[in-house]
Amino acid sequence: MLDKNINYIKYFLKLISEFDESTILNPDITGNEKPKLNKNELKIEKDNLHKFCEKQLISENILFLASA
């Protein structure tokens, strides 16, 4: 089964190798320095957050992952 997937493996390895920069979720494993992050804080009331997520038909997890 691995032989059948070798073309897929090569394809995805090629895609990964073409990235110029790392992201926060996928840190750079080449040893390059990490960029400085800006920190912004915003307080949101829990009820407002739940109402927003219900209206948008998404979970809180999806909202926070999308904002990362």
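To start, this report covers the structure provided alongside it. As the structure is a computational prediction, the values presented were derived from the model and not from experiment.

The rules behind these values
Residues numbered from 1 in each chain as written. Predicted model: local features only at pLDDT ≥ 70, side-chain atom pairs only at ≥ 80, totals over all residues. Heavy atoms only, no water. Helix = DSSP H or I, 4+ residues; strand = E, 2+ residues; numbered from the N terminus. Buried < 20%, exposed > 50% of the residue type's maximum accessible area, 1.4 Å probe, protein only. Areas by Shrake-Rupley, 256 points an atom, 1.4 Å probe, with all protein chains shown as cover. Axes fitted to C-alpha atoms, helices over the stretch in contact; angles between N-to-C directions. Parallel < 35°, antiparallel > 145°, perpendicular 65-115°, else oblique. Contact = heavy atoms within 4.5 Å. Nonpolar A, V, L, I, M, F, W, Y, C, P; charged D, E, K, R; others polar.

### Remarks on the overall build of the protein chain
Along the backbone of the protein chain there are three helices and zero strands. The linear arrangement of helices and strands in the protein chain, starting from the amino end, is α-α-α. Relative to its full complement of 68 residues, the protein chain shows a buried share of 3%. When the accessible surface of the protein chain is totalled, it reaches about 7,500 Å², and 57% of it is carbon and sulfur.

### Some details on the packing of helix α2 (residues 46-56) against helix α3 (residues 60-67)
Direction vectors running N to C along α2 and α3 enclose 95°, while the axes themselves pass 9 Å from each other. Between α2 and α3, the angle falls in the class roughly perpendicular. Facing L49, H50, F52 and C53 of α2, the residues of α3 in contact are E60, L63 and F64. Tallied by class, the residues present in the contact of α2 with α3 amount to five nonpolar, one polar and one charged.

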